[in-house]
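An overview of the molecular structure
Residue strings, one per chain:
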Amino acid sequence: MGTLGLERTFAMVVGTVLIVLGLAGSIGNPIVGRPDTTGIFVTGFGHDLIHLVTGALFLHVGVALNGRNRGLGLMALGGFYLATGLASLISSDLIGIYDAHTSGFDQLGHLVLGVAALAIGWTGRGVEKREFGRSASRPVRSKGRSPGWRQRVDRSRRRRPPASTAWAARSATCASR
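Described in the following lines is the structure provided in the data block. (Residues numbered from 1 in each chain as written. Predicted model: local features only at pLDDT ≥ 70, side-chain atom pairs only at ≥ 80, totals over all residues. Heavy atoms only, no water.)

1. Quick notes on the packing of aromatic side chains
Tallied over the entire structure, the rule returns 2 aromatic pairs. Ring geometry for Phe 58 against Tyr 81: centres 6.4 Å apart, planes inclined by 45°, an arrangement best described as tilted. In this pair, Phe 58 sits in helix H2 (residues 45-64) while Tyr 81 sits in helix H3 (residues 67-90), placing the two residues 23 residues apart along the sequence. Take Phe 58: its relative accessible area is 0%, and that puts it in the buried class. Judged by its relative accessible area of 1%, Tyr 81 is buried. Through pairs of rings, three or more aromatic residues link up here, namely Phe 58, Phe 80 and Tyr 81. (Phe/Tyr/Trp six-rings, centres within 6.5 Å; stacked < 30°, edge-to-face > 60°. Helix = DSSP H or I, 4+ residues; strand = E, 2+ residues; numbered from the N terminus. Buried < 20%, exposed > 50% of the residue type's maximum accessible area, 1.4 Å probe, protein only.)

In structure tokens form, the structure reads like this:
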């Protein structure tokens, strides 16, 4: 996955594909579109709108969120797609939300996308923060203290006694002689 990390790359690719599918479905072509013009991925206005919105959300998760929040965002979107995939198995027009009945390819796509987003989000949820240039297996080091931090803190906190105390201590030792 290069320098972007698995979660970021997955979210950006899926977001782009969903936006393209939403736009292609609204235009109508032999692959994605209305039931009278296509045979592979049958969509309607509501279905295309959901693809556009969730595609934008996937892009937001991939670009704007970091670490744990990205993992949680992917898990939420994966749960949504898994739920819609399972619901479309029961009611292929999703109880009237979709304008047309979904095809088997569309149902399978929703289920696979849901499971993949949940799995990839689950792997990235424990990482605190990840920046560009870091791979998924190398999280950013925590901002803990280095091994010698205590000595530096102790030296910096060493204070001189007030002048009056030092003078009293010196005069006490001089008087006892």
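2. Quick word on the side chain of Arg 70
Following the sequence through the fold, Arg 70 ends up in helix H3. Despite its burial, Arg 70 pairs with no opposite charge, the nearest such side chain being Glu 7 at 4.6 Å. Among all residues touching Arg 70, those that are not within four sequence positions of it are Glu 7, Arg 8, Val 61, Gly 62 and Leu 65. (Lys, Arg positive; Asp, Glu negative; His and termini not counted. Salt bridge = Lys/Arg side-chain N within 4 Å of Asp/Glu carboxyl O. Contact = heavy atoms within 4.5 Å.)

3. A look at the packing of helix H1 (residues 6-27) against helix H4 (residues 104-124)
Close contact between H1 and H4 brings their axes to 10 Å; oriented N to C, the two are set at 155°. One element, H1, and the other, H4, form an angle in the roughly antiparallel class. The way H1 lies across H4 gives a crossing that is left-handed. Two secondary-structure elements touch here, H1 through Leu 6, Glu 7, Phe 10, Val 14 and Leu 18 and H4 through Leu 113, Ala 116, Ala 117, Ile 120, Thr 123 and Gly 124. Across the contact of H1 with H4, the residue classes tally to 8 nonpolar, 2 polar and 1 charged. (Axes fitted to C-alpha atoms, helices over the stretch in contact; angles between N-to-C directions. Parallel < 35°, antiparallel > 145°, perpendicular 65-115°, else oblique. Left-handed = near helix turned anticlockwise from the far one by under 90°. Nonpolar A, V, L, I, M, F, W, Y, C, P; charged D, E, K, R; others polar.)

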